[in-house]
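Structural description and commentary
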Amino acid sequence: MDRVALRGLRARGYHGVFPHERAEGQTFVVDLTLGLDTRPAAADDDLAKTVHYGIVAEEVVAIVEGEPVNLIETLAERIAQACLKYDGVQEVEVGVHKPNAPITVPFDDVTVTITRSRV
């Protein structure tokens with residue numbers, strides 16, 4: 001299986017369990033790796049035979065900016081399900097970063113990473 005990756009998609013969302021997270025929002029960062037067979041697209045040099053990563057990126061940002069959820073696990077699942085709707089995408093790995101998570105000790109990042117497939 002081939003891979004198409006998008007790294008560092010950024011969007012402002014209002015996800016979290018605390019009231020201030022819902023009121024103020026914060027930046028979330030999403031990494032995606034889409035698993036698909038790119039041979040048909042490469043053979044014919046045809047965008048219609050692969051996944052249009054620009055459109056995927058826009059949809060992912062819309063999900064992050066959309067309806068708030070408590071958990072980034074839920075957000076990652078919504079993103080994964082949206083990616084699997086694209087023809088040809090057989091598998092997706094989604095990493096959702098919450099670099100400004102409400103943690104009381106110094107840290108660099110909080111990330112939830114999930115893998116989902118059509119199987």
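Everything here concerns the structure above.
Everything in this summary refers to the structure shown in the same document. (Residues numbered from 1 in each chain as written. Predicted model: local features only at pLDDT ≥ 70, side-chain atom pairs only at ≥ 80, totals over all residues. Heavy atoms only, no water.)

Another point: the overall build of the chain. Helix and strand counts for the chain stand at four helices and four strands. Across its three principal directions, the C-alpha atoms of the chain cover 50 × 25 × 25 Å. With 119 residues in all, the chain has 38% of them scored as buried. By sequence separation, contacts in the chain at least 24 residues apart represent 60% of the contacts at least 6 residues apart. Accessible area for the chain stands at about 6800 Å²; split by element, carbon and sulfur atoms hold 52% of it. Side-chain charges of the chain comprise 12 positive and 19 negative groups, with the mean position of each set lying 3 Å from the other. (Helix = DSSP H or I, 4+ residues; strand = E, 2+ residues; numbered from the N terminus. Buried < 20%, exposed > 50% of the residue type's maximum accessible area, 1.4 Å probe, protein only. Contact = heavy atoms within 4.5 Å. Areas by Shrake-Rupley, 256 points an atom, 1.4 Å probe, with all protein chains shown as cover. Lys, Arg positive; Asp, Glu negative; His and termini not counted. Charge placed at Lys NZ, Arg CZ, Asp CG, Glu CD.)

This paragraph deals with the sheet that holds strand 4 (residues 111–117). Sheets are built from strands that pair by backbone hydrogen bonding, the pairs being arranged parallel or antiparallel. Read from one edge to the other, the open sheet built from four strands follows the order 1-2-3-4, with strand pairing classed as antiparallel. At either margin of the open sheet sits one strand with a lone partner, and together these are strand 1 (2–13) and strand 4. The average angle at which neighbouring strand axes cross in this sheet is 15 degrees, direction not considered. Summarising the sheet, strand 1 and strand 2 (residues 26–36) pair through 10 bridges and their orientation is antiparallel. Across the sheet, R12 pairs through a bridge with T27, a residue of strand 2. Against the sheet, helix 3 (residues 53–65) engages strand 1 and strand 2, with an angle of about 35 degrees to strand 1. (Pairing = 2+ DSSP bridges. Axes fitted to C-alpha atoms, helices over the stretch in contact; angles between N-to-C directions.)

Remember that the coordinates give geometry; whether it matters functionally is a separate question.
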